[in-house]
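Read off the chains here:
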Amino acid sequence: MHKKIIAFAVGLLAVGIIGSVITAEGYFSEEEQLETKEFTPDEVHTITIDTDLSTIEFLPSGSDKILVESFYGKNKKPAEVKAEQGTLHIKAKQHEYFHLGFNWKNKNLKVVVHLPKKNFNHITINNDVGSTNLTEVDTKSLTVNTDAGSVKLDRIGTDTMDVSSEIGSITVHDSTGDMALKSETGSIKVQTDALDHHLNASTELGSIKVTTRQSPEDIFITAQSELGSIRILGEKTNSYKHGNAAYEKLRAFALGFVAASGLNRNNACSKWQNSR
C-alpha cells in the first residue's frame with residue numbers, strides 16, 4: 001500500500017516536471033514551423049502513430065482529404081508521415097532533444113490529424129509522453145497507449161477501444177463500442193448516452209466515474225476495491241444486476257472512489273449510484 005502511494009507521489013512529481021518543461025519551452029522556443037501532408041481517404045484504411053514526446057490531436061476535416069499537420073520547433077524535425085499499402089504511418093522519435101540539461105530552444109512536437117467522414121479499420125496510437133485528444137473519429141477498433149499524459153476521447157464511434165495510460169487521466173465522452181480503460185495512476189471518467197456496451201475500467205491509484213443519460217435496464221455490474229467500501233444503490237455489495245443481463249457490462253476496479261450513475265435526459269436527477 002505504501003509503495004503504491006509513493007509511486008503515486010513520484011508519478012505526480014514526474015508529470016509536474018514534464019509539464020513545467022513543456023510550458024517553459026513554449027516561452028523560450030524559436031518560432032514554430034509547420035509541415036503539412038495530404039492524402040485521399042481511398043489510400044488510407046488504417047492509421048498508426050508512434051511518438052515519444054508529442055501532443056496528438058484528431059479533428060474533423062473541413063474537406064474530403066486526410067490532412068496531417070506537424071508543428072515543430074526550429075531545431076527539431078517534423079513527424080515522418082507516409083502512406084503505404086493502405087496504412088498511414090506517423091512517426092516521431094525526438095528523445096535526443098529531451099535531456100536533463102533542457103534545451104529551451106526546442107519546442108515539443110504537435111501532430112494534428114484531420115479526418116473526413118470515414119469508418120477506418122483500425123487506429124493505433126503509441127505516445128510515450130504527451131496528451132492525446134481525439135474528436136469525432138469513426139474506426140472499427142481504437143488502441144491508445146501512453147506512458148505519461150492524458151487521453152481524451154470525444155464522440156468516437158468504434159466497435160472496440162483499448163486505452164491505457166501509466167500516468168494520466170482517461171476521459172471518454174459520448175462514444176460507442178466496447179471499452180477497456182486502464183490507468184495505473186489517474187482518474188477515469190466516462191459519460192455516455194446509454195450503457196449498451198461492455199465497459200472494463202481499472203486504475204491502481206485514482207477514481208472511476210461512469211455517467212449515463214439513460215437509466216440502465218439490462219445490466220450487470222461488478223466492482224472491486226483494494227481499499228474502501230463499495231456501495232450500489234445504497235447497499236454494501238460488490239455486484240448489481242438489473243433486468244435480464246446475463247453478463248457483465250461494467251466492471252470497475254480502483255484503489256479509491258468508484259461511482260456509476262444514470263441521469264435522465266435533462267441531467268436533473270440520479271437514478272442509480274455505485275460509490276465507495
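Quick caveat: nothing in here was measured; it's all calculated off a predicted structure.

1. Things to note about the pattern of salt bridges
Right, on to step 1. For the structure shown, the criterion picks out seven salt bridges.
Right, on to step 2. Among the salt bridges present, the one from K93 reaches D50, with a minimum N-O distance of 3.1 Å. Taken together, the residues K93 in the loop between β5 (87-92) and β6 (109-115) and D50 in strand β2 (residues 46-60) connect sequence positions 43 residues apart.
Right, on to step 3. Taken together, the shared-partner salt bridges in this structure form one network comprising D50, K93 and D128.

2. Details of unusual backbone geometry
Right, on to step 1. The phi angle at Q85 is positive, at roughly 50°, despite the residue not being glycine.
Right, on to step 2. Within the secondary structure, Q85 sits in the loop between β4 (80-84) and β5.
Right, on to step 3. One non-glycine residue, D174, lies in positive phi territory at about 50°.
Right, on to step 4. Overall, the relative accessible area of 28% leaves D174 in the partly exposed class.

3. Observations regarding the pairing of strand β12 (residues 188-192)
Right, on to step 1. Because side chains alternate across β12, one face comprises the buried residues I188, V190 and T192, and the other comprises K189 and Q191, none of which is buried.
Right, on to step 2. Pairing geometry for strand β10 (residues 170-173) and β12, over four bridges, is parallel. Of the residues in β12, the one forming a bridge with V172 is V190.
Right, on to step 3. Pairing analysis gives five bridges linking β12 to strand β14 (residues 208-212), with the strands arranged parallel. Bridge pairing in β14 places I188 opposite I208.

4. Here's the deal with the nonpolar core
Right, on to step 1. With 41 residues, the main nonpolar core has F58 and L181 as its most contacted residues.
Right, on to step 2. Per element, the largest residue contribution to this core is five residues, and it comes from strand β9 (residues 151-167).
Right, on to step 3. Setting aside residues up to four positions removed in sequence, L181 forms contacts with M161, V163, I170, V172, I188, V190, L199, N200, A201 and S202.

The rules behind these values
- Residues numbered from 1 in each chain as written.
- Predicted model: local features only at pLDDT ≥ 70, side-chain atom pairs only at ≥ 80, totals over all residues.
- Heavy atoms only, no water.
- Salt bridge = Lys/Arg side-chain N within 4 Å of Asp/Glu carboxyl O.
- Helix = DSSP H or I, 4+ residues; strand = E, 2+ residues; numbered from the N terminus.
- Buried < 20%, exposed > 50% of the residue type's maximum accessible area, 1.4 Å probe, protein only.
- Pairing = 2+ DSSP bridges.
- Core = buried A, V, L, I, M, F, W, Y, C linked by side-chain atoms within 4.5 Å.
- Contact = heavy atoms within 4.5 Å.

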